[in-house]
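# Coordinates in review
Here is what each chain is made of, one letter per residue.
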Amino acid sequence: MVGLSEGEKHFIRGGIAQDIRTDGRKRLQFRALSVETGVIPQANGSARVRLGGTEVIASVKAELGKPSILHPDKGKVNIFVDCSPTAEPTFEGRGSEELSAELSVALQRCLLGGKSGAGAAIDLSSLIVVDGKVCWDLYIDGLVISSDGNLLDALAAAIKVALSDTGIPKVTVSVSTASDEPEVDVSDEEFLQFDTSSVPVIITLTKVGRQYIVDATSEEESQMSSAVSVSVNRHGHVCGLTKRGGAGLDPTVIFDMISVAKHVSQQFITLLDSEIAAAQAEE
Amino acid sequence: MHLLGRAPVIRRGGRWHTQFPAMSSSAATGTYSPAAEAGGKRREKREELRRHLAEDADWPRADNRSFHECREAFLRTGATTAASGSAYAEFGKTKVIVSVFGPRESKKAMMYSDVGRLNCNVSYTTFATPVRGQVIILELIIVLASITKGDLPIIISCASLALADAGIMMYDLVTSVSVNIIIDPTSDEEAWQDGSLMVSYMPSRKEITQLTLTGEWTDGKITNAVELCMDACSKLCDILRNHLKETANLASE
């Protein structure tokens with residue numbers, strides 16, 4: 001937890017009101033972003049994202065599984081987040097459970113879309129191998145290594161980068177007439193890339209006083225009354241939304257926050273895309 | 001029941017078409033549906049959505065409701081005796097019991113806090129879900145749900161009723177309604193949705209306390225859906241408030 005004196009709190013709030021924050025940023029300015037891909041060789045795709053003092057890793061693993069009965073033409077995606085005790089001593093043991101669960105739920109809500117799959121980050125029907133029999137299960141794991149606020153945006157960005165780094169092995173299916181079960185041969189040389197252009201980014205607007213800011217540090221987050229996280233895709237469509245914090249919000253404020261988030265997201269997507277391209281060129 | 005004295009009762013004159021004057025002594029039933037006029041200045045946009053909905057929505061819903069009709073609400077306070085306050089709510093086939101215990105001293109293991117804490121705990125009965133014994137833990141005060149889903153908003157509304165029954169001071173009754181393209185979905189409808197949106201709202205303060213959204217939405221749709229939910233919330237809140245008043249009157253007599 002952040003321990004702040006009255007003076008410091010006043011300084012943070014005053015700065016935000018005057019559009020110059022304690023680290024010199026404007027209200028709608030992000031901290032420096034750095035991106036690295038392929039950090040976990042065992043995974044199908046992985047990425048490390050640093051956003052100021054916040055550092056997260058996301059990894060994507062693909063396993064062959066069976067599609068659910070309700071959606072036989074779709075694969076499955078699971079998202080889990082874990083907070084490492086290196087980020088904060090209180091995360092030791094079960095201390096991070098609540099935060100991890102909150103982050104996982106928010107990411108699932110923002111990235112998996114509606115139950116029919118509309119607005120999802122990943123087209124689930126592209127994960128199917130044999131209809132109703134074999135599909136890819138994607139396990140997306142997020143790990144918070146260092147925490148300085150705005151974890152959700154950093155995790156979503158890391159997942160987007162990790163997905164663009166992901167290669168799904170090519171499979172050849174041979175149906176033998178003897179048994180019903182198709183035989184699946186997984187290639188370890190040929191990989192298929194994901195189309196990640198529709199993966200949304202999450203922009204969290206943190207409300208401090210009457211203003212709201214993007215990419216809040218943990219000190220700024222300690223002064224928030226509430227925060228709204230909006231996930232927006234490249235077309236400027238809202239794909240998910242969650243609100244945190246106890247204070248209620250006026251409906252007009254929420255609508256205003258959504259439109260600001262949409263505006264900011266387009267800049268962030270462009271920035272992230274160029275970082276992804278640079279990271280992949282380095283490899 | 002401090003709450004009743006504090007919070008002004010807002011009635012939107014004549015707009016709310018419920019059938020609930022025939023309430024029994026301690027229970028209220030009523031359907032409530034958001035009015036077309038909600039959010040007056042955006043009426044035209046709303047009409048557009050309605051037309052759009054009408055075009056899409058030419059099939060009957062599984063439970064014979066029209067597309068803007070909420071399920072019948074049955075409410076009762078004082079459902080359990082051991083708790084300091086409790087409420088029972090039945091929205092169609094979804095049944096929820098909420099009990100409030102306390103206030104009591106917080107556990108030593110918890111971190112010090114200068115504000116109060118509301119511990120919430122939700123459990124599903126083993127026979128509540130289609131697959132027996134499938135237990136899902138959410139958040140909220142000792143809740144016992146049964147039979148169908150589509151339930152988080154109902155749990156929230158029921159919990160605020162129980163809190164009021166326990167005589168806990170609140171800013172306002174929080175009510176909650178979810179919508180996908182149709183309002184107040186049942187679990188079958190939920191399984192095929194393109195997206196959903198849930199609003200928790202305090203009508204007297206005109207404040208949204210929770211807003212969640214999944215699926216792909218355009219700006220106009222979000223605005224419309226949120227206004228639709230807010231209107232339904234206000235009406236549900238009126239029903240809750242009336243029920244509380246009635247019980248309080250009954251008790252004082």
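Let me begin by describing the structure that accompanies this report. Here the structure is a predicted model, which is why all the values come from computation and not from measurement. (Residues numbered from 1 in each chain as written. Chains lettered and ligands numbered in written order. Predicted model: local features only at pLDDT ≥ 70, side-chain atom pairs only at ≥ 80, totals over all residues. Heavy atoms only, no water.)

## Re the overall build of chain A
Along its length, chain A carries five helices and twelve strands. Here the C-alpha atoms of chain A give a radius of gyration of 20 Å, agreeing with the 19 Å that 2.2 N^0.38 yields for 283 residues. Taking the principal axes of the C-alpha coordinates as reference, chain A spans close to 75 × 40 × 35 Å. In chain A, buried positions account for 49% of the 283 residues. Considering only contacts in chain A between residues 6 or more positions apart, those separated by 24 or more positions represent 67%. Working note: accessible area of chain A is about 12900 Å², and carbon and sulfur atoms make up 52% of it. (Helix = DSSP H or I, 4+ residues; strand = E, 2+ residues; numbered from the N terminus. Rg over C-alpha atoms; globule rule 2.2 N^0.38 Å. Buried < 20%, exposed > 50% of the residue type's maximum accessible area, 1.4 Å probe, protein only. Contact = heavy atoms within 4.5 Å. Areas by Shrake-Rupley, 256 points an atom, 1.4 Å probe, with all protein chains shown as cover.)

## What about the packing of aromatic side chains?
Residue and element names in this part refer to chain A. Under the defined criterion, the tally for this structure stands at one aromatic pair over all chains. Between the aromatic rings of Phe30 and Phe268, the centroid separation amounts to 4.4 Å while the plane-to-plane angle is 15°, which identifies the pairing as stacked. Taken together, the positions of Phe30 in the loop between helix 1 (6-17) and strand 1 (33-37) and Phe268 in helix 5 (residues 251-282) put the pair 238 residues apart, joining distant regions of the chain. Overall, the relative accessible area of 15% leaves Phe30 in the buried class. (Phe/Tyr/Trp six-rings, centres within 6.5 Å; stacked < 30°, edge-to-face > 60°.)

## Considerations on the pairing of strand 12 (residues 238-244) of chain A
Within strand 12 of chain A, six of the seven residues are buried, leaving the element largely enclosed by the surrounding structure. Pairing analysis gives six bridges linking strand 11 (residues 226-232) of chain A to strand 12 of chain A, with the strands arranged antiparallel. Considered in strand 12 of chain A, the bridge of Val228 of chain A is made with Lys243 of chain A. Hairpin connection, strand 11 of chain A to strand 12 of chain A: the antiparallel pair is bridged by five residues, and Gly236 of chain A has positive phi, about 80°. Here strand 12 of chain A runs beside strand 9 (residues 207-217) of chain B; their pairing, made up of three bridges, is antiparallel. Its bridge partner being in strand 9 of chain B, Val238 of chain A is matched across the sheet by Trp217 of chain B. (Pairing = 2+ DSSP bridges.)

## A word on the environment of Asp73 of chain A
Residues and elements named next belong to chain A. Following the sequence through the fold, Asp73 ends up in the loop between strand 3 (54-65) and strand 4 (76-83). Exposure remark for Asp73: the relative accessible area of 36% places this residue in the partly exposed category. Discounting residues that sit within four places of it in the chain, Asp73 has contacts with Ser125, Ile128 and Asp131.

## Focus on the pairing of strand 4 (residues 94-100) of chain B
Residue and element names in this part refer to chain B. Strand 4 sits mainly inside the fold: five of its seven residues count as buried. In this sheet, strand 4 lies alongside strand 3 (residues 85-91) in antiparallel orientation, the contact comprising seven bridges. Bridge assignment links Ser86 to a residue of strand 4, and that residue is Ser99.

## So, the packing of helix 2 (residues 97-111) of chain A against helix 3 (residues 151-165) of chain A
Helix-helix packing is characterised by the crossing angle of the two axes and by the distance between the axes. Residue and element names in this part refer to chain A. At a minimum axis distance of 11 Å, the contact between helix 2 and helix 3 shows a crossing angle of 55°. One way to sum up the angle between helix 2 and helix 3 is to call them oblique. Crossing geometry of helix 2 relative to helix 3 is assigned as right-handed. Packed against helix 2, whose contacting residues are Leu99, Leu103, Ala106, Leu107 and Leu111, the element helix 3 presents Leu151, Leu152, Leu155, Ala156 and Ile159 at the interface. By residue class, the composition of the contact of helix 2 with helix 3 is ten nonpolar, no polar and no charged. (Axes fitted to C-alpha atoms, helices over the stretch in contact; angles between N-to-C directions. Parallel < 35°, antiparallel > 145°, perpendicular 65-115°, else oblique. Left-handed = near helix turned anticlockwise from the far one by under 90°. Nonpolar A, V, L, I, M, F, W, Y, C, P; charged D, E, K, R; others polar.)

## Description of unusual backbone geometry
Trans is the prevailing form of peptide bonds, just as negative phi is the prevailing case for residues other than glycine. Here Asp19 of chain A, not a glycine, exhibits a phi torsion of approximately 65°, which is positive. Its place among the elements puts Asp19 of chain A in the loop between helix 1 and strand 1. Positive phi, close to 55°, is recorded for Lys206 of chain B, a residue that is not glycine. By secondary structure assignment, the location of Lys206 of chain B is in the loop between strand 8 (196-202) and strand 9.

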